[in-house]
Amino acid sequence: MTSGRSAAQATRMLHCNLNVRSMVAAAPVYEQGLGLAVRMRTSSRGADGAAMGLPGPTDSDVWFLYDHRGGRRCPAVELVEWKSPATEGTAYDDLAAAGMQAIGFAVPSLADTSKRLLDTGARETSRSALADGRVMVGAEFLDADGVRIELVEDPSVPAPTFRYVRMNCADLAATTGWYEAVGWQPTRSPLTVRWSDATADVAIQPVALPADPAFALHLTTSPEAGSPDAANRRAHDQAHHRGLYRMALAVDDLRAAVAAARADGRVLPGEPAYMALPGTPLGGLWVSFFTDPDGVTVEFVERPDVTR
């Protein structure tokens, strides 16, 4: 462990989980539309879902897709098609709801990527965003499950590059402080963002892990998010709920991370559990599940050497 870093602090974002109704329908948006490649697949049949809050045996198919940098250098989009229990519900359609609202990509050509996404059946919305007067989101698409994909043009990237997850929270300062406890650090002061379909500005706080500054969480809020009368004040809480659900963070030593987090008191991880990954080089991993202040599920994964 690096000197001065708590055992509870993550080293890398490993993947962002996206639950889909049909892998056949979902995958083309990411493979053909965004050029991601499947580097690892696994199927679980009769697995114990207790660690994820699912009673009884569970069945699922999982694909890990990576951008042009490959699995050793970037987080994956983890597509999961739940078979039993089946994927259910809808992705976030309330823009004020707490939770993982969108994934963001830098693309070399907005026009070219937009065309490819449309060819795969993705739907373009009319939303865009300016941050402090500069384009932050040039175009937005909905994938086959209604998940928002945000694009910004960046000619310096050779291909679509996974840059961030945008997360809506009720209390921006409180959620930022919570993520700092597990290793994320603000990369700058909050950005003032104006969405094309909004009447008021919002703030976005980018945070990143020091070992992987190219990837960020964009923590944001809306005027309605903190209201006691607002619907959907908590993120989706079922592991098989359709859409963006969970993020996985690498830690050096899972048991040390769990103990350190519990001692700190702000982060309360669950008991370590072994998750089998049949048919993969890893075989399986030790993990712990917990939630952030807005109910987003976070997973510690023991990966002392994430470059392997």
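None of the values given here were measured: they were computed from a predicted structure.

### Re the overall build of the protein chain
Working step 1: A tally of regular secondary structure across the protein chain gives four helices and 19 strands.
Working step 2: Here the C-alpha radius of gyration of the protein chain, 18 Å, is about what a compact globule of 308 residues would show, namely 19 Å.
Working step 3: Judged by the C-alpha coordinates and their principal axes, the protein chain covers about 45 × 40 × 40 Å.
Working step 4: Across the 308 residues that make up the protein chain, the buried fraction comes to 55%.

### Side note on the state of the cysteines
Working step 1: For the structure shown, the criterion picks out zero disulfides.
Working step 2: Free cysteine: C16, not disulfide-bonded; nearest cysteine sulfur from C74 at 13 Å.
Working step 3: Accessibility expressed as a relative area gives 1% for C74, which makes it buried.

### Comments concerning the sheet that holds strand 4 (residues 76-84)
Working step 1: The mixed open sheet is built from eight strands, whose spatial order is 2-3-4-1-16-19-18-17. The open sheet has two edge strands with one neighbour each: strand 2 (37-48) and strand 17 (273-277). Sheet twist, expressed as the mean angle between neighbouring strand axes with direction ignored, is 30°.
Working step 2: For strand 1 (residues 12-20) and strand 16 (residues 243-251), the ladder comprises seven bridges, and the chain directions are antiparallel. Bridge pairing in strand 16 places C16 opposite M247.
Working step 3: Sheet strands in contact with helix 4 (residues 254-264) are strand 16, strand 18 (283-291) and strand 19 (297-302), and its direction is about 10° off that of strand 18.

### Brief notes about the side chain of T87
Working step 1: Mapped onto the secondary structure, T87 falls in the loop between strand 4 and strand 5 (99-107).
Working step 2: When its relative accessible area of 7% is taken as the criterion, T87 is described as buried.
Working step 3: In terms of polar contacts, T87 uses its side chain to reach the backbone amide nitrogen of W82, at 3.0 Å.
Working step 4: Residues in contact with T87, not counting those within four places in the same chain, are N19, V20, R21, V80, E81, W82, H240 and R242.

### Considerations on the nonpolar core
Working step 1: Within the largest apolar cluster, 62 residues are counted, with the highest numbers of intra-cluster contacts made by Y30, L79, F105, V165, Y179, W184 and L217.
Working step 2: With five residues, helix 1 (residues 23-33) is the largest single contributor of residues to this core.
Working step 3: In contact with L79, not counting residues within four places along its chain, are L18, V20, M23, A26, A27, Y30, D61, V62, W63 and L65.
Working step 4: Y66, W82, A239 and A248 belong to the second-largest nonpolar core, a separate cluster that totals 20 residues.

### Considerations on the packing of helix 1 against helix 2 (residues 110-119)
Working step 1: Contact geometry of helix 1 with helix 2 gives a least axis separation of 9 Å together with a crossing angle of 150°. By the angle between their directions, the pair helix 1 and helix 2 is classed as roughly antiparallel. Considering only the axes of helix 1 and helix 2, their crossing is right-handed. From helix 1, V29, Q32 and G33 reach across to helix 2, where they touch T113, R116 and L117.

### A few points about unusual backbone geometry
Working step 1: For the bond from S84 to P85, the omega torsion is -5°, close enough to zero to count as cis.
Working step 2: With respect to the secondary-structure elements, P85 resides in the loop between strand 4 and strand 5.
Working step 3: The backbone phi angle of D132 is positive, close to 50°, even though this residue is not glycine.
Working step 4: Residue placement: D132 occurs in the loop between strand 7 (129-131) and strand 8 (134-137).
Working step 5: Overall, the relative accessible area of 41% leaves D132 in the partly exposed class.

### Some thoughts on helix 4
Working step 1: When helix 4 is considered as a whole, its buried residues turn out to be L254, A257, V258 and A261. Burial along helix 4 is one-sided: seen end-on, the buried residues are contained in an arc of 100°.
Working step 2: Once helix 4 finishes, G265 follows within two positions and takes phi at roughly 95°, a positive value.

### Side note on the packing of aromatic side chains
Working step 1: Evaluated as defined, the whole model comprises six aromatic pairs.
Working step 2: Consider the rings of F105 and F162, whose centres lie 5.2 Å apart with planes at 20°: the pair is stacked. Of this pair, F105 sits in strand 5 while F162 sits in strand 11 (residues 161-168), and the two are 57 residues apart along the sequence.
Working step 3: Each ring, one from F162 and one from F215, has its centre 5.0 Å from the other, and the planes form 75°; the classification is edge-to-face. Of the two residues, F162 sits in strand 11 while F215 sits in strand 15 (residues 212-220), which places them 53 residues apart along the sequence.
Working step 4: Relative accessible area serves as the criterion here: at 2%, F215 is assigned to the buried category.
Working step 5: Cluster of aromatic residues (ring-pair linked, three or more members): W178, Y179, F290 and F300.

Definitions and limits used
- Residues numbered from 1 in each chain as written.
- Predicted model: local features only at pLDDT ≥ 70, side-chain atom pairs only at ≥ 80, totals over all residues.
- Heavy atoms only, no water.
- Helix = DSSP H or I, 4+ residues; strand = E, 2+ residues; numbered from the N terminus.
- Rg over C-alpha atoms; globule rule 2.2 N^0.38 Å.
- Buried < 20%, exposed > 50% of the residue type's maximum accessible area, 1.4 Å probe, protein only.
- Disulfide = S-S within 2.5 Å.
- Pairing = 2+ DSSP bridges.
- Axes fitted to C-alpha atoms, helices over the stretch in contact; angles between N-to-C directions.
- Contact = heavy atoms within 4.5 Å.
- Polar contact = N/O pair within 3.5 Å; in protein donor to acceptor, adjacent residues only side chain to side chain.
- Core = buried A, V, L, I, M, F, W, Y, C linked by side-chain atoms within 4.5 Å.
- Parallel < 35°, antiparallel > 145°, perpendicular 65-115°, else oblique.
- Left-handed = near helix turned anticlockwise from the far one by under 90°.
- Arc of directions from axis to C-beta.
- Phe/Tyr/Trp six-rings, centres within 6.5 Å; stacked < 30°, edge-to-face > 60°.

Interpretation note: all reported values are geometric properties and have no functional meaning in isolation.
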